[in-house]
Amino acid sequence: RVLYDYWELFLDIFSDNMEARSRSYFSFDFLLVLGTRLLVIVIIPIWLLVGLATLTILWPPQIREMCLSHKMTATSNNTTDEVLWKEFDDFKSNMKIMQRRLQDDMKTDRVEIDELKFEVCDVQKNVVEDMVQVKEVMTSLLDMMKNELDRRDMNSNINY
């Protein structure tokens, strides 16, 4: 607790309250604050080096907490986790939207396929009807040709 209090005392020397007290550059207050600040500027780096040499035992708790604490990492991990969960939720909602679109597309495709099947059946029916007509025409033509040939044969037999 002692190191904590000294550290706070040293940092308070640089606060705005100290500036307000010393109004003139030649006053005793100003010179006292200036001397104290210069002394603190020399003491703080020495204190940090001694603390480093003693494996942070003599560091003030504020410095030890700032250097050795993992709060930043935990916060960044939480932020990263939140970002990942948000991205996952966005991905999940996008997948549901895509699934609905795909299902709608499949329904319209099925309707189109059914319509095409009906059209193909209709075309097949028309082709079959046309084939029957062609067969009838061919049969009638064949009959006519046969009759014509028979008649010619008869005519030629009569002439001989």
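Refer to the structure presented above.
Not measured: the values here are computed from a predicted model.

### Here's the deal with the overall build of the protein
Argument step 1. A count of helical and extended segments in the protein gives 5 helices and 0 strands.
Argument step 2. The buried share of the protein, reckoned over its 160 residues, is 10%.
Argument step 3. In the protein, once contacts between residues fewer than 6 apart in sequence are set aside, the share between residues at least 24 apart is 47%.
Argument step 4. Counting only carbon and sulfur atoms, one obtains 64% of the accessible surface of the protein, whose full area is about 14300 Å².

### What to know about the nonpolar core
Argument step 1. Within the largest apolar cluster, 8 residues are counted, these being W7, F10, I13, V40, I44, W47, W59 and I63.
Argument step 2. The leading source of residues in this core is helix α3 (residues 28–53), at 3 residues.
Argument step 3. When near neighbours in sequence (up to four residues on either side) are disregarded, V40 contacts F10, I13, F14 and P45.

### Re the pattern of salt bridges
Argument step 1. A full pass over the atoms with the stated rule returns 3 salt bridges.
Argument step 2. Note that R152 and E148 form a salt bridge whose closest N and O atoms lie 3.6 Å from each other. Highlighted residues: R152 and E148, both in helix α5 (residues 71–159), separated by 4 residues, approximately one helical turn.
Argument step 3. Under the relative-accessibility criterion, E148 is labelled partly exposed at 27%.
Argument step 4. The network of salt bridges with shared partners includes E148, R151 and R152.

### Let's talk about the packing of helix α1 (residues 2–12) against helix α4 (residues 61–68)
Argument step 1. Following both chains from N to C, one finds α1 and α4 inclined at 90 degrees, their axes separated by 8 Å at the closest point. By the criterion of interaxial angle, the relationship of α1 to α4 is roughly perpendicular. Within the contact between the two elements, α1 uses L3, Y4, W7 and E8 and α4 uses P61, Q62 and I63.
Argument step 2. Its residues placed into classes, the contact of α1 with α4 shows 5 nonpolar, 1 polar and 1 charged.

Cut-off values and rules
- Residues numbered from 1 in each chain as written.
- Predicted model: local features only at pLDDT ≥ 70, side-chain atom pairs only at ≥ 80, totals over all residues.
- Heavy atoms only, no water.
- Helix = DSSP H or I, 4+ residues; strand = E, 2+ residues; numbered from the N terminus.
- Buried < 20%, exposed > 50% of the residue type's maximum accessible area, 1.4 Å probe, protein only.
- Contact = heavy atoms within 4.5 Å.
- Areas by Shrake-Rupley, 256 points an atom, 1.4 Å probe, with all protein chains shown as cover.
- Core = buried A, V, L, I, M, F, W, Y, C linked by side-chain atoms within 4.5 Å.
- Salt bridge = Lys/Arg side-chain N within 4 Å of Asp/Glu carboxyl O.
- Axes fitted to C-alpha atoms, helices over the stretch in contact; angles between N-to-C directions.
- Parallel < 35°, antiparallel > 145°, perpendicular 65-115°, else oblique.
- Nonpolar A, V, L, I, M, F, W, Y, C, P; charged D, E, K, R; others polar.

It is worth stressing that arrangement in space is one thing and function is another; only the former is reported here.
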